[in-house]
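Spelled out from the first residue to the last, the chains are:
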Amino acid sequence: MTDDERPGPAEGERTTEFDDDRPATDRDDDRPATQPMTDTDDDTTEPGEPIAAAGSSDEGIGRLPTERLRGILDRVGLAALVLLALIAGWGFYSQTGVAIRTWLDSAYQPIALAAFNLAIVLIALAGVAHQLSRIRANE
């Protein structure tokens, strides 16, 4: 079979990209148009200034700035540590009461428990006063 005897492509169908005689601007293929390289510099950054990569902005839509994300993570960590301290503090408080009841004579248990509870209340009040003074200083 010779080239003349082969059936050609159906109407509107191309067999290869090379058999189209139309200019490149008239073709409807999906290849992006190329731009000529020039010596002009469209860059607006100063010499020595780092150029940010595409999509690396902290101010993007739906993204948190690094400082704000760090602040949120710090607060979550603080909340977790406070919760851990509350659980451990409650365990210490209850076990201290059990130790006082076990090791002290029953006549002295109410006095020792009252002194222990008073010490806890005074420490808590000192902490509250300190935090209130810090909050007022920041306002």
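Just so it is clear, the structure is predicted and the values come from calculations on it, not from any experiment.

**Student:** Could you clarify how one ought to interpret the overall build of the protein in this entry?
**Tutor:** From N to C terminus, the protein includes two helices and zero strands. Relative to its 139 residues, the protein shows a buried fraction of 7%. At a minimum sequence separation of 6, the contacts of the protein that also span at least 24 residues come to 10%. In the structure as shown, the protein presents an accessible area of about 13000 Å², 61% of it carried by carbon and sulfur atoms.

**Student:** For this particular structure, what's the right way to read a nonpolar patch on the surface?
**Tutor:** On the surface, Leu64, Leu69, Ile72, Leu73 and Val76 cluster together into a nonpolar patch covering about 440 Å² of accessible area. Among the structural elements, Leu69 can be located in helix H1 (residues 66-103). The class of Leu69 is partly exposed, set by a relative accessible area of 40%.

**Student:** I tried to follow the packing of aromatic side chains on my own but got confused; where do I start?
**Tutor:** The geometry of two aromatic rings is summed up by the distance between their centres and the angle between their planes. On inspection of all chains with the given rule, the structure shows three aromatic pairs. Here Tyr93 and Phe116 contribute two aromatic rings whose centre-to-centre distance is 5.5 Å and whose plane-to-plane angle is 25°, an arrangement assigned as stacked. In this pair, Tyr93 sits in helix H1 while Phe116 sits in helix H2 (residues 109-138), placing the two residues 23 residues apart along the sequence. For Tyr93, a relative accessible area of 30% corresponds to the partly exposed category. Of the residues examined, Phe116 reaches a relative accessible area of 16% and is grouped as buried. Site record: aromatic cluster; members linked through ring pairs are Trp90, Phe92, Tyr93 and Phe116.

**Student:** When you look at the side chain of Thr96 in this model, what are you seeing that I'm missing?
**Tutor:** You can see Thr96 is positioned in helix H1. A polar contact is formed between the side chain of Thr96 and the backbone oxygen of Phe92, at a distance of 2.7 Å.

Cut-offs and rules
- Residues numbered from 1 in each chain as written.
- Predicted model: local features only at pLDDT ≥ 70, side-chain atom pairs only at ≥ 80, totals over all residues.
- Heavy atoms only, no water.
- Helix = DSSP H or I, 4+ residues; strand = E, 2+ residues; numbered from the N terminus.
- Buried < 20%, exposed > 50% of the residue type's maximum accessible area, 1.4 Å probe, protein only.
- Contact = heavy atoms within 4.5 Å.
- Areas by Shrake-Rupley, 256 points an atom, 1.4 Å probe, with all protein chains shown as cover.
- Patch = residues over 30% accessible without salt bridge, like charges linked within 9 Å, V, L, I, M, F, W, Y side chains within 5 Å.
- Salt bridge = Lys/Arg side-chain N within 4 Å of Asp/Glu carboxyl O.
- Phe/Tyr/Trp six-rings, centres within 6.5 Å; stacked < 30°, edge-to-face > 60°.
- Polar contact = N/O pair within 3.5 Å; in protein donor to acceptor, adjacent residues only side chain to side chain.

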